[in-house]
Structure formats: C-alpha cells, structure tokens
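Spelled out, the chains give:
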Amino acid sequence: MLAFTIRRLSQSVIVLFVMSVIVFAGVFAIGNPVDILINPEADIAEQEETIRRLGLDKPMWAQYGVFMSNALQGDLGNSFVHNIPALEIIATRLPATLELAFLAVGFAIILGVPLGMYAGLKDDTFIGKAIMTGSILGFSLPTFWVGLIFIMLFSVSLGWLPASGRGETVDIFGVPVSFLTWDGFSHLFLPALNLALFKISLVIRLARSGTKEVLLQDYIKFARAKGLSNTRIVGVHVLKNILIPVITVLGLELGNVIAFAVVTETVFAWPGIGKLLIDSISNLDRPVVVAYLLMTVTMFILINFVVDILYSILDPRVRLEGSK
Amino acid sequence: MTVTTTPPKAITPFRRFVEDFAEKRLAVAGLFVFVALVLAAIFAPWITPQNPYDLTQIDFMDGRLAPGSSGATMTFWLGTDDQGRDLLSGIFYGLRTSLSVGAISTVIALVIGGSLGLIGAYFGGKIDTIIMRIADLQLSFPAILIALILVSALGQGIDKIIIALVAVQWAYYARTIRSTALVERRKEYIEAATCLAISHRRIVFKHLMPNCTPPLIVVGTVQVAHAISLEATLSFLGIGVPITEPSLGLLIKNGFDYMLSGDYWVSFYPGLALLITIVSINLVGDQLRDVLNPRLQK
Amino acid sequence: MSSSSPTLQVENLQTQFFTKAGVVTAVDDVSFTVNRGEVLGLVGESGSGKTVTGFSILGLVDHPGKVTGGKILFNGEDLTTYSENQYRAIRGSRISMVFQDPMMTLNPVLRVDTQMVEAIRAHEKISKADALVRARDALGQVGIPSPDERLKSYPHQFSGGMRQRVAFAIALLNKPDLIIADEPTTALDVTIQAQILFETQKLCRETGTSLVWITHDLTVVAGLADNICVMYAGKVVETGKIDDVLDDPKHPYTEGLIGSVPSRNKRGQPLTQIPGMTPSLLNLPKGCPFQKRCQYAAPQCEVSPKITKCEDGRLVRCHRVEEAMAHA
C-alpha cells in the first residue's frame, strides 16, 4: 500500500511539474516576458526591480527555478489590474464559484435522481423516453447556449429571474454567500441550473441504468414478497442502491464543475474565479491567469490522487495491477 | 473509374449499411440537414445576399434591424447585427469557420490519435504504457481546462484553436482504436501476416487499421460535434477565433450584449444554427453507432 | 375464511408469458392441495414451471407473464380475484416466500434489522422497538447466535447459510399460514442444508405453518414432505402421498427421476438416465410432452393424456395409467 501511494504521489508530482513547465513556457517563452509580466505604467526603477526579482535577466532554466520557488512560497506575482497578489484575488473570488458549484451538484442530485429513477421504472412510457431525450440534449448542447436561452426566457421575456450578478449577500464567518437571501438566491438559481445541466444528464443516465439493474435483482422481488409497498421498495430499496454510484461519480465531477464554471460565470456575469480568468485573459493580466491555471491544475491532480488511493483501498485488484 | 459489374440486387456490405442506416427516419433527416449545412458553408460566398465582411456592402445605418426589415438594397430575413451586417449571410460565413475548424481538428486528431493507438496496441510493452498513461492523464482533466491552458499559453488565432482542439481530442481516438486493435491483433490473420514476414508498417496500416475503422468513425462523428461545441464555447468566451473570421460562437457573443435590451435575434439565430448543427451531427452519430456496433447487429 | 378449508388449494392454474417469440405456457393445468401443517414437495427439472407456480401463488409473476386461468384458493378465498393492494396485504404476512440464492435475497445496502422491521411494519401498526424485539426473537428461533449483535450487521457480514436463516426468519416474522420455499438449500453446503431442512420442518410442525418446498432434488423431499407433486414441462405429471409415489412411481418421468438418484443400495450399478433434453416450452411436441424421452411411448401419446385418479388417491397424467384404471 505504501509503495503504491509513493508511486502515485511521485506520478502526481511529475504531472504537476510538466503542467507548470507548460504554463511557464506559455507565459515566459512566448513574447517578451518583460512586456507581459511588468505593468507598463510602472516607472523605470520599479521595472528594473521587478526584472531582478523575477530573474528575467537570467537564462531560461534559471528563470523557471525562480518562478517555481516563488510559486511554492505562494508568490505568483501581483495582478496588474488590481495591483494586489494574484492569489489573494483568487481567494476573494473563490467562495462565489464554490457556492455555484455546490448548488449545481445539489441540483444534479435533486433533479437527476428522481428523473432518472422515473425513466428507469417507466422505461417504455412517453415521459420515460422524453426524459432520456432531454438528457441526450443536455449532453450535447453547449453550456453557454443553454445559459443564453435561460436568460432570454426567464429574464428577458418572462422577467422572473435576474440575468447577471450575485445579488444581496450575507457573511458567514466572513465569507459572503448568496443563497441565504431571497435576492441572492434568485441571482444564484439560473447560473447554478445552467452549470448543473450537464451533470443532471449524467445523473439521469446513471440513475436510470442503476434502477433498471436493481429492479431485476432478487432482493427487490424478495422485498415485494415481504408485502412492502411500492413507495418503500422504490424509495428505500432501489434508491439506496443507486445513490452510492451517483454520489461517487458526482464527487469526482466536482472539479469538472469548477472548471466549467468559467462558461456559466461569463454568461451570467457571476463574480467567481471563472469570470476572473476570462477577464484576466482579455486584460492581459497574466499573473492572475498563471495563478488560476496552476491552482486548478493542482486541484485536479490532488483530486485524482485521492481518488486513486481511495479506489485502491476499496478494490485490491487495482493495487495489484498498479504494482506489476 | 471502372463500371461496376455487381448485379443491382446483390447485398453488398455497403448497401446493407445504407439500408440499416435508413431504418431510422430521424437519423436520415439529421444527415440531410447536415449535408445541407455543409453545402451552405461551402457555397456561402455565392449564395448569401451579402458578404458581411466586405465593408462596402454594409451600411452602418442598418444596425440592429429586426428580422424581416427591409434595408436600402435588400430584405434582412433574420435581421442585422450592430454593424448593420445581414445575419443570414453572417451565419453562413460563421458556419464555414465553425465547420472547418471542427472538421480539420478532428481529422488531425484522428490521424495522430489513431496512429498512436495503433502503434501502442501493435507493439505493446513500454511504448503502449507510455502512450496510454499520457492519454489517461489527459482525459482526467476536463476538455475546457486543457483548452484554456493551451489558448492562454499559445495565444489566439485559428491555428491555435485547432491545436487546442486536437490536444483535447486525440486521446479519445487513441483509446478507441487501441481497444479494437488489441482484439484484432490476436486474430489469426495478423499472425499469418507476421509469419509471412510482412513489414510492421504494412501489417499495421494495411491489415490492422481497416478493421479498426468502424468504431473510429462513430467516435469521430460525435467528436466533430464536440469540437464544434468547444470551439463555439471558446469563441463565446472571447478566447477563440479572431474577429476577422467569426464563427457561430463569436456571432453569439457579439449579440449577447444586446440580448438584455430585447434585440434577441443577434444572438438567437446564430445560436439556432449552432444547435441544428450539433443536433444533426449527433443524430447521425447515434445511428452510426447502432448500425456499426457488431454487438447490436442481428 | 373457514378453518375446515385447506390452507392452499390450486386448481387448474395456468400462467403464460407473452413474449415476442410467442406465447409460452409456463404453468399449464396445475392442481394440488396443501393442508394445514402439511409439507408439499414440488419437484421438477429447471424450466418445468415449478418456480413460476410459486410466484403465481404470490401474485409476483412479472411482465410479460400473467396468470391466465384457474383458481388459487388460500384459506378458501380465491387469490386470482385479489387486487394488487389485497395481495400486498397477505404477502409476507399470510404467505411468505424464501428464495433460492441467499446471496441475492437480502438488500446489500440495508442493515438486517431494517429489512426485518420493515417486513413487520408493512403489516402491523407496531412501534419500532417492539418490532425489533420480534426480529431478534425470530433470529434466535432460526438458530442465529447472539441475535442482538447480528441485527446491526449488513448482509455481507453473514455466510450463505446464515443469510438463508435470516431469510427464513423474515418469512416467519408474521407467523404466516403458508411458506413457499423455492430451492432454498440448493446453493448451500450439504451439512448446512441438512440443518436448515431439520429446523424448518420442526418450526412448521410447531407453528402449524404449511410449506410448499420447491426443489429438483428428490432426496430432499423424501425426508421432508408429506405429499409430492412432480412437474414436467409446465404440467403436473404425478401427485400423491410421498411414500406411495417414491415406492411405486406410476408416471414414467417420476420413475426416471427416482432411478437417476444415486444411492448406497445401488452401488456399482449404472445410474439410469432419462434420455434427451427438457423440451423448449416454445414448441412442445403434440400430445404428451414427455413422449420423446419416454421408454413406453406409444402412438396414443400423440394425444394429450388426462389426469387419472388411482385407487390410492394419487393423480397421474399418463395413458398407461389411464388404460390400467379402465381395465381394472
């Protein structure tokens, strides 16, 4: 087990190294880093100071070393636009994205599980087929397109829900959240549903195939032979069995949701890290871009690492294969 | 071109394939729509009422006219955008960019991913492990994140977008072709070819590859839709194609600002075109999967 | 409900499956009676319709199957006229069932106490605490050590034999009048099988519960049942008292079945086999379904034989018996 953990850990470090090289190369090797990394409005003395601090007068490999050692100390440079450390901006924007992502995952469970179970129970009915067609659409339509239709329908035509911004927020332990006020929640609803759409489709498929499989099991027939009501059989015996894979998959997809928030946040002008990234790219605020990418990549590598370790604990066969 | 001597009643594999495909009306409709879209994209310069990027043909005074309005020289069936460009013409030109970016990136990714997958499956061992590790690793990141990293590293431009789309897609092909090729490789005809001392390259490309194509076609069709969708997303985010060669995604982005003021059509119609494109490709892809999947064949 | 009527009386039961390939009659003209406290062995090869018969009694035949004819009189009431709700009310309370594979009958993600308590509370308004006491007692009754701890376990923490005991405990929870056991010991070791057989028999005698024991294994029925009912291709071919049938089988199929059981008395002798295979229910031969494998097959077998009642009260479906009775 220890050997396996070390193997996976070293692999993760290698991936992180490769990714940091790509990001570094992107920022430092293309174009003149002095132009890209230093605020053009800074005076000469400040510019020279920055060149020295970033080691831009040194050879490439040495520059990478300086870049990485700074990065490891949490220093990814200051934002040109806001003139504060890039990581700090990301930290202040992160709660908004997390709130959106968690609500989206919540929607995926609350809407996806019952719809999928219904489609599994009534496979041949019109509604059952309609749900599956809907999930295929949910898979193939671009997120931003659906977001646009949401805005057109619910904000412009019907005027029910606001189309942009975060609305009124309340602080919990110093972190502002939207979902506790009506105004905030009404702002949160459409973007969260938009972000959830893909995951809802995914959950519908998982829940449907799970339900169909579970229904064929002997223990369901045995439950019926015990004289249980249909409500109890579907609501307890079937539901509990399909929830395990659904929650596992959604847990894995959380990182994915955060990455896809880039699109939804842009459509709904939601002030999270995704919109920050797009704004920073168009403002050429490179330090923020670098900070975002490195942070997200690290997050993914961490999630993958943890999942691998968890799987190997749950399923010893994975471990054997890995150490061959 | 030789004249075929096959009698018309003979059931060739191709004929059978066509018949199986035609069983589902929706798929046939999807195919027709898709072909029409491709033709519209190819012949856009000749069939559109206006070249929306020829400044001499555009009157700024026609800006944001509602669908069906008449301008000085023509009727704008789908309205105009903020620059006074005819949206119908804009959509046809946008389709050109969207479809060609999707198609080119898919073909390149198919060649790269397909070759790597074949090589891995044929030679096995270390090469296989390395290729598949990289593919697995890449697939563990969401496509949009990979694309964002590459676009922010490489900068903008159509070529950069294509590189990003290729990078996102190749692993799917490598995986698909590898799994089929691994099954095919164990069959006797490959062994026979090896015994005859035929060169590796010939075995891989002449013998192995043709047998691995059907699943690749299915994945490829679906991936074209994904590529178009991802390109549209990136363009909508403003980090995709440059404004000189607008795709459907960029047209949608341009109209997005006017949507809240009620001028829905600037975004809506390009969006509709995108929707039709993606749905029609998916319909075709779904049916191809059903027809080409040997497990489902009766 | 009258106390004089038998617990279960199945009359001319027919169950059909409406599949794409055609209508399959899985159970055809099946009749038998189970009196209070009696054990009936329902014997046949796989595919003979014995499991479907069990499910038909409980009203658990799944789509595309349906009970299409006959009566199922349970304590004198015809279950075929029951609505789904009426049926649900007697399932698990008046009639229980135990399935073949103990590894599959308990829900893997629910604790044993949950699965037992819900079975009680589906039929009675009773507090959870009281239900738990009853569940514990039931586990003790079927011989599960330290039932208090075991209640809190998940199914995968039990061995196969223990799980089947739990299934029996669940079947016994509401003190049913009838238990249908569908090959409950087939998947178990022989020693465990013997224990469970012995205990079940004891429990039924004590509580007066009737038992339908479905099996393909004649040796199991021999030591357990009062009556036996032999099925072939969806039809009952012979039914009567266990000793009568085993000592002097009248139907050629029963004869073949008994001959193919290995026994110490026949050491060294070759086992008799029934030649051929069970016919597919989709295209049964005309007439007697057994004629293709029967050593006594005659031209008259092209016509379906009727049920004949012999002098010892047993029923046989065979022309030879029919003729013998006519001559007598």
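Residues numbered from 1 in each chain as written. Chains lettered and ligands numbered in written order. Predicted model: local features only at pLDDT ≥ 70, side-chain atom pairs only at ≥ 80, totals over all residues. Heavy atoms only, no water.

A.B. asks: Would you take a moment to explain the overall build of chain B for this structure?
C.D. replies: The helix and strand inventory of chain B stands at 11 helices and two strands. Secondary structure of chain B in N-to-C order comes out as α-α-α-β-β-α-α-α-α-α-α-α-α. Burial status across chain B gives 48% buried among its 298 residues. Across chain B, contacts joining residues at least 24 apart in sequence account for 70% of those joining residues at least 6 apart. (Helix = DSSP H or I, 4+ residues; strand = E, 2+ residues; numbered from the N terminus. Buried < 20%, exposed > 50% of the residue type's maximum accessible area, 1.4 Å probe, protein only. Contact = heavy atoms within 4.5 Å.)

A.B. asks: Would you take a moment to explain the overall build of chain C for this structure?
C.D. replies: Regarding its fold elements, chain C presents 12 helices and 12 strands. Against the globule reference of 20 Å for 328 residues, chain C gives a C-alpha radius of gyration of 21 Å, in line with a compact fold. A total of 328 residues make up chain C; the buried ones form 51% of that total. When contacts within chain C are restricted to residue pairs at least 6 apart in sequence, long-range pairs at least 24 apart make up 63% of them. Carbon and sulfur atoms form 52% of the exposed surface of chain C, whose accessible area is close to 15,100 Å². (Rg over C-alpha atoms; globule rule 2.2 N^0.38 Å. Areas by Shrake-Rupley, 256 points an atom, 1.4 Å probe, with all protein chains shown as cover.)

A.B. asks: I would appreciate a short explanation of helix α2 (residues 25-42) of chain B in the present structure.
C.D. replies: Within an α-helix, residues lying three or four positions from one another point in the same direction, as the helix has 3.6 residues per turn. Residues and elements named next belong to chain B. Over its 18 residues, α2 extends 26 Å from the first C-alpha to the last, a length consistent with the 26 Å expected when each residue adds 1.5 Å. For α2, the set of buried residues is A27, G30, L37, A40 and A41. Down the axis of α2, the buried side of the element spans an arc of 145 degrees, and every buried residue falls inside it. Residues of α2 that are exposed and angled more than 90 degrees away from the buried face: R25 and F32. (Expected span 1.5 Å × (residues − 1). Arc of directions from axis to C-beta.)

A.B. asks: Would you explain the sheet that holds strand β1 (residues 8-19) of chain C in this entry?
C.D. replies: Note on sheets: strands pair through backbone hydrogen bonds, and any given pair is parallel or antiparallel. Residue and element names in this part refer to chain C. If you walk across this open sheet you meet the four strands as β2-β1-β4-β5, and the pairing is antiparallel. A single partner strand is all that each edge strand has here, and the edge strands are β2 (22-34) and β5 (77-78). Where β1 and β2 come together, nine bridges link them in antiparallel fashion. Residue pairing for β2: F17 is matched across the bridge by V24. Against the sheet, helix α1 (residues 50-58) makes contact with β1, β2 and β4 (65-74), and its axis sits at roughly 105 degrees relative to β1, the strand it touches most. (Pairing = 2+ DSSP bridges. Axes fitted to C-alpha atoms, helices over the stretch in contact; angles between N-to-C directions.)

A.B. asks: I'm lost on the sheet that holds strand β11 (residues 307-309) of chain C in this one. Help?
C.D. replies: Residue and element names in this part refer to chain C. As summarised here, the arrangement of the eight strands in space is β6-β7-β8-β3-β9-β10-β12-β11, forming an open sheet in which the pairing is mixed. In the strand order of this sheet, the two ends are held by β6 (95-98) and β11, each with one partner. Direction aside, neighbouring strands of the sheet carry axes that sit 20 degrees apart on average. Note: β11 against strand β12 (residues 315-317), three bridges, orientation antiparallel. Looking at β12, one finds that I307 is bridged to R317.

A.B. asks: Even after reading the chapter, I still don't get the pattern of salt bridges, so can you show me in this structure?
C.D. replies: Once their charged atoms are close, side chains differing in charge can pair, the charge on each being opposite to the other. Residue and element names in this part refer to chain C. Using the criterion set out here, one finds 27 salt bridges over all chains in the structure. Between E84 and R91 there is a salt bridge, with the nearest N and O atoms lying 3.3 Å from each other. D137 is the partner of R136 in a salt bridge, and the nearest nitrogen-oxygen pair spans 3.7 Å. You can call R136 partly exposed: its relative accessible area is 28%. Taking the relative accessible area as the measure of exposure, D137 reaches 43% and is therefore partly exposed. One salt-bridge network, in which partners are shared between bridges, spans E238, D248, K250, D312 and R314. (Salt bridge = Lys/Arg side-chain N within 4 Å of Asp/Glu carboxyl O.)

A.B. asks: Which parts of the structure should I look at to understand the interface of chain B and chain A?
C.D. replies: Much of the literature gives interface size as the accessible area that the parts lose upon coming together. Taken together, the contacts link 33 residues of chain B with 39 residues of chain A. Between chain B and chain A lies a buried interface of about 3,200 Å² when both sides are counted; carbon and sulfur atoms form 82% of it. Remark: the boundary between chain B and chain A carries zero salt bridges. Elements with a minimum of two residues in the side of chain B that touches chain A: α5 (125-139), α6 (143-154), α9 (200-236), α10 (248-259) and α11 (265-292) of chain B. Split by residue class, the side of chain B that touches chain A holds 24 nonpolar, eight polar and one charged. (Buried area = accessible area lost by both parts, 1.4 Å probe. Nonpolar A, V, L, I, M, F, W, Y, C, P; charged D, E, K, R; others polar.)

A.B. asks: Hey, could you run me through the interface of chain C and chain A in this one?
C.D. replies: Contact residues are listed per partner, giving 26 residues for chain C and 17 residues for chain A. A buried area of about 2,000 Å², summed over both sides, lies between chain C and chain A, and 59% of it is on carbon and sulfur atoms. For E118(C), the salt bridge identified is with R232(A), shortest N-O distance 2.6 Å. The interface formed by chain C and chain A includes 13 residue pairs in polar contact (both at pLDDT 80 or more). Listed by contribution, the elements that provide at least two residues to the side of chain C that touches chain A are α1, β6, α3 (102-105), α4 (112-121) and α7 (160-172) of chain C. Counting residues per element, the side of chain C that touches chain A draws most heavily on α4(C), which supplies four residues. Residue composition of the side of chain C that touches chain A, by class: 15 nonpolar, six polar and five charged. (Polar contact = N/O pair within 3.5 Å; in protein donor to acceptor, adjacent residues only side chain to side chain.)

A.B. asks: What is the right way to look at unusual backbone geometry in this model?
C.D. replies: Leaving glycine aside, a negative phi is the common case for residues, and trans is the common case for peptide bonds. Residues and elements named next belong to chain C. Cis geometry marks the peptide bond from H63 to P64; its omega dihedral reads 5 degrees. With respect to the helices and strands, P64 occurs in the loop between α1 and β4. Despite not being glycine, E183 shows a phi value in the positive range, around 45 degrees. Residue position: E183 is located in the loop between β7 (178-182) and α8 (190-207). Here E183 falls in the buried class, since its relative accessible area comes to 7%.

A.B. asks: Even after reading the chapter, I still don't get the nonpolar core, so can you show me in this structure?
C.D. replies: One recurring pattern in soluble globular proteins: nonpolar side chains tend to sit buried together. Ranked by size, the top nonpolar core spans 141 residues in total, and within it F144(A), F141(B), F236(B), I239(B) and L274(B) carry the most contacts. Ranked by residues supplied to this core, first place goes to α9(B) with 14 residues. Beyond its immediate sequence surroundings of up to four residues, F144(A) is in contact with V263(A), V267(A), A232(B), T233(B), F236(B), I252(B) and L274(B). Ranked by size, the runner-up nonpolar core spans 89 residues in total, among them Y87(C), I95(C), V166(C) and I274(C). (Core = buried A, V, L, I, M, F, W, Y, C linked by side-chain atoms within 4.5 Å.)

A.B. asks: Help me out: how do you make sense of the packing of α2(B) against α11(B) in this one?
C.D. replies: When two helices pack together, you describe them by how their axes are tilted relative to each other and by the distance separating the axes. All names here are of chain B. Close contact between α2 and α11 brings their axes to 8 Å; oriented N to C, the two are set at 135 degrees. Judged on the interaxial angle alone, α11 and α2 are oblique. In this structure, α2 meets α11 at a crossing whose hand is left-handed. Touching L26, A27, G30, L31, V33, F34 and L37 of α2 are I276, T277, S280, I281, L283, V284 and Q287, all from α11. (Parallel < 35°, antiparallel > 145°, perpendicular 65-115°, else oblique. Left-handed = near helix turned anticlockwise from the far one by under 90°.)

A.B. asks: Explain the packing of aromatic side chains here, please?
C.D. replies: Aromatic ring pairs: the centre-centre distance and the angle between the two ring planes describe each pair. Following the criterion strictly, the structure yields 16 aromatic pairs over all chains and no others. Where F144(A) meets F236(B), the ring centres are 4.6 Å apart and the plane angle is 20 degrees; that geometry is what we call stacked. Highlighted residues: F144(A) in helix α7 (residues 143-157) and F236(B) in helix α9, drawn from two different chains. Take F144(A) and F236(B): they sit in the same class, and that class is buried. Each ring, one from F154(A) and one from W160(A), has its centre 6.1 Å from the other, and the planes form 35 degrees; the classification is tilted. Residue classification places W160(A) among the exposed residues on the basis of a relative accessible area of 60%. Ring pairing ties together the aromatic residues F139(A), F198(A) and F260(A), which thus form one cluster. Directly above the aromatic system of F158(C) lies the positively charged group of R150(C), at a separation of 4.3 Å from the ring centroid. Between the NZ or CZ atom of R320(C) and the centre of the ring of Y296(C), over which it lies, the distance is 3.8 Å. (Phe/Tyr/Trp six-rings, centres within 6.5 Å; stacked < 30°, edge-to-face > 60°. Lys NZ or Arg CZ within 6 Å of the ring centre and 35° of its normal.)

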